[in-house]
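What follows is each chain in one-letter form.
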Amino acid sequence: MPEPRKPEPPVKSQQLRVFEAVVRRKSFTAAARELTMSQPAVSWHVRALEEACGVRLVERVGKSTVATPAGTSLYSVARHLVNVERELRSVIAGLGEGARGSLTVGANTTGGMYVAPLVIRAFRDAYPAVEVRLVITTTPAILEQISGRSVD
């Protein structure tokens with residue numbers, strides 16, 4: 001019988017944000033200033049992320065901090081996460097300010113007939129400047145469209 005795998009520590013989005021800032025700024029201290037955190041807190045987050053990943057992600061080169069090859073691979077994903085979070089915060093802030101734009105909602109047949117119209121009506125009342133489109137199809141198709149980002 002194979003030996004059970006021990007669970008890996010979870011990777012937290014805060015750790016990825018801190019890691020991204022350290023690599024981009026090439027400094028724990030500069031990242032700490034940017035994130036308004038203490039330098040020991042930044043070090044703790046990076047160390048916890050390294051433990052969760054099981055590899056070193058950054059190393060000192062002279063007075064700079066640079067990503068290891070594994071860290072370089074992770075950095076591109078962490079950078080994407082930071083950009084998505086920034087965009088999300090902007091959208092959420094816009095909703096509170098009378099947002100404009102469009103929203104495509106996907107639902108299966110039952111949800112599209114009974115639940116979605118009520119939710120969409122309430123949303124339109126609250127945010128009249130947002131155009132809402134409803135796509136009704138099968139649940140697997142909706143999940144695929146969400147993955148493909150053609151449905152919000």
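Please refer to the structure higher up on the page.
Residues numbered from 1 in each chain as written. Predicted model: local features only at pLDDT ≥ 70, side-chain atom pairs only at ≥ 80, totals over all residues. Heavy atoms only, no water.

Student: Please clarify how the overall build of the protein chain should be interpreted in this entry.
Tutor: Scanning the protein chain for helices and strands turns up six helices and four strands. In the protein chain, the order of α-helices and β-strands from amino to carboxyl end is α-α-α-β-β-α-β-α-β-α. For 152 residues, the compact-globule estimate of 2.2 N^0.38 gives 15 Å, and the C-alpha radius of gyration of the protein chain, at 21 Å, exceeds that figure by more than 25%. Along the first, second and third principal axes, the C-alpha set of the protein chain runs to 60 × 55 × 20 Å. With 152 residues in all, the protein chain has 28% of them scored as buried. Once local pairs closer than 6 in sequence are excluded, the contacts in the protein chain between residues at least 24 apart make up 61%. For the protein chain, the computed accessible surface area is about 10400 Å², with 58% contributed by carbon and sulfur atoms. The protein chain carries 20 positive and 14 negative side-chain charges, and their two centres are separated by 6 Å. (Helix = DSSP H or I, 4+ residues; strand = E, 2+ residues; numbered from the N terminus. Rg over C-alpha atoms; globule rule 2.2 N^0.38 Å. Buried < 20%, exposed > 50% of the residue type's maximum accessible area, 1.4 Å probe, protein only. Contact = heavy atoms within 4.5 Å. Areas by Shrake-Rupley, 256 points an atom, 1.4 Å probe, with all protein chains shown as cover. Lys, Arg positive; Asp, Glu negative; His and termini not counted. Charge placed at Lys NZ, Arg CZ, Asp CG, Glu CD.)

Student: So what exactly am I meant to see when it comes to the side chain of Thr 68 here?
Tutor: Tracing the backbone through its elements, the reader meets Thr 68 in the loop between β2 (64-67) and α4 (69-96). With residues near it in sequence (within four places) discarded, Thr 68 still touches Arg 56, Leu 57, Val 58 and Glu 59.

Student: What is the right way to look at the nonpolar core in this model?
Tutor: A general trend in soluble globular proteins is that nonpolar side chains are found buried together. With 17 residues, the main nonpolar core has Phe 19, Val 22 and Val 42 as its most contacted residues. Counting residues per element, this core draws most heavily on helix α1 (residues 13-25), at six residues. For Phe 19, the contacting residues outside a window of four places in its chain are Val 46, Leu 49, Leu 57, Val 58, Gly 71, Leu 74, Tyr 75 and Ala 78. By size, the runner-up hydrophobic cluster in this structure holds five residues, among which are Ala 107, Ala 116, Val 130 and Val 132. (Core = buried A, V, L, I, M, F, W, Y, C linked by side-chain atoms within 4.5 Å.)

Student: Even after reading the chapter, I still don't get the pattern of salt bridges, so can you show me in this structure?
Tutor: Side chains that differ in sign of charge can pair as their charged atoms come close. For the coordinates displayed, the defined rule picks out seven salt bridges. Among the salt bridges present, the one from Arg 24 reaches Glu 34, with a minimum N-O distance of 2.6 Å. Pair noted here: Arg 24 is in helix α1 and Glu 34 is in helix α2 (residues 28-35), with a separation of 10 residues, a long-range link. Here Glu 50 ties to Arg 56 by a salt bridge, and the two come within 3.6 Å at their closest N and O atoms. For Arg 56, a relative accessible area of 54% puts it in the exposed group. A cluster of three or more residues bridged by salt bridges with shared partners is formed by Glu 20, Arg 24, Arg 25, Glu 34 and Arg 79. (Salt bridge = Lys/Arg side-chain N within 4 Å of Asp/Glu carboxyl O.)

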